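# A look at the structure
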Protein chains: 2
Amino acid sequence: MAMKKERKGDAYSARCPARLVLDQIGDKWTVLLLGVLVKQPTRFNELKRRLQGVSQKMLGQTLKKLERNGLVTRQVFATVPVSVEYAITPLGRTLAGTVDALRQWAEQHIDEVARAQERFDARP
Amino acid sequence: MAMKKERKGDAYSARCPARLVLDQIGDKWTVLLLGVLVKQPTRFNELKRRLQGVSQKMLGQTLKKLERNGLVTRQVFATVPVSVEYAITPLGRTLAGTVDALRQWAEQHIDEVARAQERFDARP
DNA sequence: CAGAATCCCAGCCGATACTG
DNA sequence: CAGTATCGGCTGGGATTCTG
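Cut-offs applied
- Residues numbered from 1 in each chain as written.
- Chains lettered and ligands numbered in written order.
- Predicted model: local features only at pLDDT ≥ 70, side-chain atom pairs only at ≥ 80, totals over all residues.
- Heavy atoms only, no water.
- Buried < 20%, exposed > 50% of the residue type's maximum accessible area, 1.4 Å probe, protein only.
- Helix = DSSP H or I, 4+ residues; strand = E, 2+ residues; numbered from the N terminus.
- Contact = heavy atoms within 4.5 Å.
- Pairing = 2+ DSSP bridges.
- Axes fitted to C-alpha atoms, helices over the stretch in contact; angles between N-to-C directions.
- Least-squares fit on C-alpha atoms with pLDDT ≥ 70 in both.
- Parallel < 35°, antiparallel > 145°, perpendicular 65-115°, else oblique.
- Nonpolar A, V, L, I, M, F, W, Y, C, P; charged D, E, K, R; others polar.
- Buried area = accessible area lost by both parts, 1.4 Å probe.
- Salt bridge = Lys/Arg side-chain N within 4 Å of Asp/Glu carboxyl O.
- Polar contact = N/O pair within 3.5 Å; in protein donor to acceptor, adjacent residues only side chain to side chain.
- Near = heavy atom within 4 Å.

### What about helix 1 (residues 17-25) of chain B?
In an α-helix, one turn spans 3.6 residues; hence positions three or four apart end up facing the same way. With seven of nine residues buried, helix 1 of chain B is to be regarded as a mostly interior element. Check the buried side of helix 1 of chain B and you find it contacts helix 1 (17-25), helix 2 (30-37) and helix 5 (90-121) of chain A together with helix 2 (30-37), helix 4 (56-68) and helix 5 (90-121) of chain B.

What follows is the structure in structure tokens.
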């Protein structure tokens, strides 16, 4: 029997900081969420409205992950029906900036990528 | 800058260039793969050896996706057992650079993130 | 050596329903 | 309003087997 010893992850371990970042921003909603919050603090249902198509489950889950990683804060106001405001942290703001570099790369090179795909798909 | 109205595919449509990039680099092996190939062209089994823990399936699949997007090239040599060399393209090299910005962000802020996680996990 | 094909599981994610 | 809980589909990804 092939036992693996301590194969926890090699260069690919959870200790790899890059992996931590990609696990955060690689999911479906984080980038869009940061994109909204970087402009202003926003409440739960308002976020739900902005990110058309998100489910409460994923919104809550994504926000919780962001909060846990110190990228957004959650503040509760004791209004009549309680309201909760999410805001980006300074740390989150720096990440949003870095993610923006990615977005810029994408916009600059999307045509080239699209052409590569066509070439690839149109061959024997 | 043009306002996009188009609510059919949300802001989250496949047309979104940022989404295309995240779908490419967000997977488990792309970043590591680029990290190896950015140094020198490498053959299939050599890649498999370098990325300890990757399966042939995922390696082949990831390479194919990279090739389709024009980020790496695949060249076959008619040696005795045939050998195949994968190399990063200029386009792929620019992406690798951008990804590196992400890695730098991660390394600079991993401590702060870790502390945020501890604080989050250690509360009632 | 370089891969394709198959099986299977864990986790993401959406839809829906329920709570304070 | 702001969530949590549960069910189920889909897919990323690993292990294994087979081919040129």
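### Some remarks on the pairing of strand 2 (residues 72-77) of chain B
Alignment of strand 2 of chain B against strand 3 (residues 83-88) of chain B, held across six bridges, turns out to be antiparallel. Opposite B:Arg74, over in strand 3 of chain B, you have B:Tyr86 as the bridge partner.

### Topic: the sheet that holds strand 1 (residues 42-43) of chain B
Sheets are built from strands paired through backbone hydrogen bonds, the pairs being either parallel or antiparallel. Residues and elements named next belong to chain B. As summarised here, the arrangement of the three strands in space is 1-3-2, forming an open sheet in which the pairing is antiparallel. Looking along the sheet, the strands with just one partner apiece sit at the ends: strand 1 and strand 2. Helix 2 rests against strand 1, strand 2 and strand 3 of the sheet, and its axis sits at about 95 degrees to strand 3.

### Quick look at the sheet that holds strand 2 (residues 72-77) of chain A
All names here are of chain A. The three strands are arranged 1-3-2 in an open sheet whose pairing can be described as antiparallel. In this open sheet, the two edge strands, each paired with only one partner strand, are strand 1 (42-43) and strand 2. The pairing of strand 1 with strand 3 (residues 83-88) spans two bridges and is classified as antiparallel. Looking across to strand 3, one finds that Arg 43 is bridged to Glu 85.

### Things to note about the relation of the copies chain B and chain A
Of the two same-sequence chains, chain B is brought onto chain A (RMSD 0.1 Å, axial shift 0.0 Å) by a rotation of 180 degrees. Seen this way, the second copy is the image of the first under a two-fold rotation axis. Within chain B, B:Gly26 has its C-alpha nearest the rotation axis, a separation of 2.4 Å.

### What to know about the packing of helix 2 of chain A against helix 4 (residues 56-68) of chain A
Helix packing for two helices is described by the angle between their axes and how far apart those axes are. Residues and elements named next belong to chain A. For the pair helix 2 and helix 4, interaxial distance at closest approach is 10 Å and the crossing angle is 75 degrees. As judged from the angle between their axes, helix 2 and helix 4 are roughly perpendicular. Touching Thr 30, Leu 33, Leu 34 and Leu 37 of helix 2 are Leu 59, Thr 62, Leu 63 and Leu 66, all from helix 4. Of the residues assigned to the contact of helix 2 with helix 4, the class counts are six nonpolar, two polar and no charged.

### A word on the interface of chain B and chain A
Listed per partner, the contact involves 45 residues of chain B and 44 residues of chain A. Taken together, the two surfaces of chain B and chain A that pack against each other cover about 4,100 Å², and 71% of this comes from carbon and sulfur. At the boundary of chain B with chain A, the tally comes to four salt bridges. Inspection of the chain B/chain A interface yields eight residue pairs in polar contact (both at pLDDT 80 or more). At the level of elements, helix 1, helix 2, helix 4 and helix 5 of chain B are the ones that each hand at least two residues to the side of chain B that touches chain A. Broken down by element, the side of chain B that touches chain A gets its largest block of residues, 18 residues, from helix 5 of chain B.

### Points about the protein's contact with DNA strand C
In the vicinity of DNA strand C there are 18 residues, among which A:Lys57, A:Met58, B:Asn45, B:Arg74 and B:Tyr86 approach most closely. Here DNA strand C approaches the protein such that, of its atoms within 4 Å, sugar and phosphate make up 68%. A distance of 3.3 Å separates a phosphate oxygen of DNA strand C from a polar side-chain atom of B:Lys64. Those elements that provide at least two residues to the surface near DNA strand C are helix 4 of chain A together with helix 3 (44-50), helix 4 and strand 3 of chain B. Residue composition of the surface near DNA strand C, by class: seven nonpolar, four polar and seven charged.

Honestly, that's just the spatial picture; any functional story needs more than this.
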